[in-house]
Amino acid sequence: MAQEVRGVIAPGKDEPVRIETIVVPDPGPGEAVVRVQACGVCHTDLHYKQGGINDDFPFLLGHEAAGVVESVGDDVTDVAPGDFVILNWRAVCGNCRACLRGRPWYCFATHNAKQKMTLTDGTELSPALGIGAFAEKTLVAAGQCTKVDPAVAPQVAGLLGCGVMAGIGAAINTGNVGRGDSVAVIGCGGVGDAAIAGSRLAGAARIIAVDIDDRKLETARSMGATHTVNSRTTDPVEAIRELTGGFGADVVIEAVGRPETYRQAFYARDLAGTVVLVGVPTPDMKIELPLLDVFGRGGALKSSWYGDCLPSRDFPMLIDLHLQGRLDLGAFVTETIQLDEVEKAFERMHQGDVLRSVVVL
Ligand code: APR
Ligand code: ZN
Ligand code: ZN
């Protein structure tokens, strides 16, 4: 029997979000229904609402979530009712060329639930990133559920489902930050701060945080930054070079997604260093660089999608490190809010007041 639950939808371009009754079908083959316990508010949800992702309104928003599996399709064996899970938006297929080559984090055939959640009048909903978790329950592909230690608080666990994983993964998976490395992180929002926390976890010796907002730099320090640079008043490339014995950083992580900050990252790294772009640019952005500099400086220019994570490998490991006190994921939760406060959370996010507001259900 399909169930009716409350959920937050974006009804149309730039219209305020509102709570509606959502019809959640029983899970079919390969699907699971999850009782959502917590879901973080991410920029991507705002982009959906603004029509910046696509026009498939109405959207069921929310995608950084944790909860308990309520029911699964007949053929599902990986997760079972009662399992505590973090939802991921890249359930890998196991069969595409990327998966078969042993690089499943590049999977290009990731899957979502086949059935649609709807409004009570039958209108089909588009769940944000195939999740839609600003709702009491949601229908996902079983592969989108990653089991982790239930001892962790749901509002903390859910954040690993998107922004925090993207940042940590940019450092430890894409950037391959290692013991003794120098790292610079440009842009210290939730993603940049997670890259800082990930760099600390990986043993980086020097972690330089760059932002244009002193409040952000203060938080960055508590996440593990050893030095901070306000790039509104100080040239970040020169500052990073000075702080690294004149060389530049081994790894520079760009967590803004703009041409000017990418350029800073490009020139702030040591010869043969690595640039990791985890900030997401818009389609109009372009960058011009002397090709000789690209050649002459060597090293690697990489981008990081979802922190190049493999949820089944990375989520349980990071939750364990958190529970051992070695990774403070709780520091990313600025506030917990109710389902009817998502619109307000978007405003606070826009003002730069929060790392993450998390809806608890
Ligand atoms: N130089 C340095 N820092 C900047 C600049 C700039 N020119 N412009 C903005 N910033 C800082 C902001 O002050 C803020 O601290 O970048 C940070 C961006 O943080 P958030 O807006 O909180 O965004 P976040 O969730 O961290 O995501 C950052 O990563 O995954 C992507 O889509 C995401 O592109 C976005 C980026
Ligand atoms: Zn997100
Ligand atoms: Zn695949």
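Residues numbered from 1 in each chain as written. Chains lettered and ligands numbered in written order. Predicted model: local features only at pLDDT ≥ 70, side-chain atom pairs only at ≥ 80, totals over all residues.

A. The overall build of the protein chain, seen in detail. Within the protein chain, the secondary structure is distributed over eleven helices and 18 strands. Rg of the C-alpha trace for the protein chain: 20 Å, near the compact-globule value of 21 Å for 361 residues, within the 12% margin. With the C-alpha coordinates of the protein chain rotated into their principal frame, the extents come out at 65 × 40 × 40 Å. By the burial criterion, 50% of the 361 residues in the protein chain qualify as buried. (Helix = DSSP H or I, 4+ residues; strand = E, 2+ residues; numbered from the N terminus. Rg over C-alpha atoms; globule rule 2.2 N^0.38 Å. Buried ≥ 20, exposed ≤ 12 C-beta atoms within 10 Å, placed from the backbone.)

B. Focus on the domain arrangement of the protein chain. The domains assigned to the protein chain are domain 1 (3-161 + 328-360) and domain 2 (168-304). Distance between the C-alpha centres of domain 1 and domain 2: 29 Å. With five residues of domain 1 in contact, the opposing surface of domain 2 contributes seven residues. Among the residues forming the side of domain 1 that touches domain 2, the class breakdown is three nonpolar, one polar and one charged. (Domains from an automatic or database assignment. Contact = placed C-beta atoms within 7 Å. Nonpolar A, V, L, I, M, F, W, Y, C, P; charged D, E, K, R; others polar.)

C. Quick look at the packing of helix α5 (residues 190-201) against helix α6 (residues 214-223). Packing of α5 against α6 leaves a shortest axis separation of 9 Å and a crossing angle of 25°. Judged by the inter-axis angle, α5 sits roughly parallel to α6. Between α5 and α6 lies a crossing of right-handed hand. Residues Asp193, Ile196 and Ala197 of α5 pack against Thr219, Ala220 and Met223 of α6. Class assignment for the residues of the contact of α5 with α6 results in four nonpolar, one polar and one charged. (Axes fitted to C-alpha atoms, helices over the stretch in contact; angles between N-to-C directions. Parallel < 35°, antiparallel > 145°, perpendicular 65-115°, else oblique. Left-handed = near helix turned anticlockwise from the far one by under 90°.)

D. Spatial organisation of the site of ligand 1. Of all residues adjacent to ligand 1, which total 26 residues, the nearest are Gly187, Gly189, Val191, Gly257 and Val280. The greatest single-element share of the shell around ligand 1, amounting to three residues, is contributed by α5. Of the residues belonging to the shell around ligand 1, the class tally is ten nonpolar, eleven polar and five charged. (Near = placed C-beta within 6 Å.)

E. Structural context of unusual backbone geometry. Residue Phe57 is joined to Pro58 through a cis peptide bond whose omega torsion reads -10°. Its identity is not glycine, yet Asn176 carries a phi of approximately 55°, on the positive side. Considering the arrangement of structural elements, one finds Asn176 in the loop between α4 (163-174) and β11 (182-186). Accessibility expressed as a C-beta count within 10 Å gives 16 for Asn176, which makes it partly exposed. Not every positive phi belongs to a glycine, and Tyr306 is a case in point at roughly 55°.

F. Main features of helix α8 (residues 259-268). Considered for burial, the residues of α8 that qualify are Thr261, Tyr262, Gln264, Ala265, Phe266 and Ala268. Packing partners of the buried residues in α8 comprise β11, α7 (236-243), β14 (249-254) and β15 (269-277).

G. Helix α11 (residues 342-350), seen in detail. Of all the positions in α11, only Val342, Ala345, Phe346 and Met349 are classed as buried. Burial along α11 is one-sided: seen end-on, the buried residues are contained in an arc of 105°. α11 presents Glu347 and His350 as exposed residues on the side facing more than 90 degrees away from its buried surface. Those residues of α11 that are buried lie in contact with β1 (3-10), α1 (43-49), β17 (335-337) and β18 (357-360). Downstream of α11 by a residue or two, Gly352 has a phi angle that is positive, lying close to 75°. (Arc of directions from axis to C-beta.)

H. Up close: the sheet that holds β1. Spatially, the five strands line up as an open sheet ordered β7-β2-β1-β4-β8, and their pairing is mixed. Only two strands of the sheet have a single neighbouring strand rather than two, namely β7 (118-119) and β8 (126-127). As judged from the seven bridges shared by β1 and strand β2 (residues 18-24), these two strands associate in the antiparallel manner. Within β2, the position partnered with Arg6 by the bridge is Thr21. (Pairing = 2+ DSSP bridges.)

I. Representation of the sheet that holds strand β16 (residues 300-303) in the model. The strand order β13-β12-β11-β14-β15-β16 describes an open sheet built from six strands, whose pairing is parallel. Unpaired on one side and paired on the other, β13 (227-230) and β16 mark the two borders of the sheet. In this sheet, adjacent strand axes meet at a mean angle of 20° when their direction is disregarded. Bridge count for β11 against strand β12 (residues 206-211) is five bridges, and the pairing is parallel. The residue bridging Val185 from the neighbouring strand is Ala209, located in β12. Sheet strands touched by α8: β11, β14 and β15. Its angle to β14, the strand with the most contacts, is close to 170°.

J. Quick look at the nonpolar core. If you look at the biggest cluster of nonpolar residues, it comprises 112 residues, and the most contacted ones within it are Leu61, Val183, Ala184, Val185, Ala195 and Ile253. When residues of this core are assigned to their parent elements, the largest contribution, seven residues, is made by α4. Shared between two domains, this core holds at least three residues of each, these being domain 1 (3-161 + 328-360) and domain 2 (168-304). The contact partners of Ile253, leaving out residues within four places of it in the chain, are Ala170, Ala171, Gly175, Val183, Val185, Ile186, Ala195, Val276 and Val278. (Core = buried A, V, L, I, M, F, W, Y, C linked by C-beta atoms within 7 Å.)

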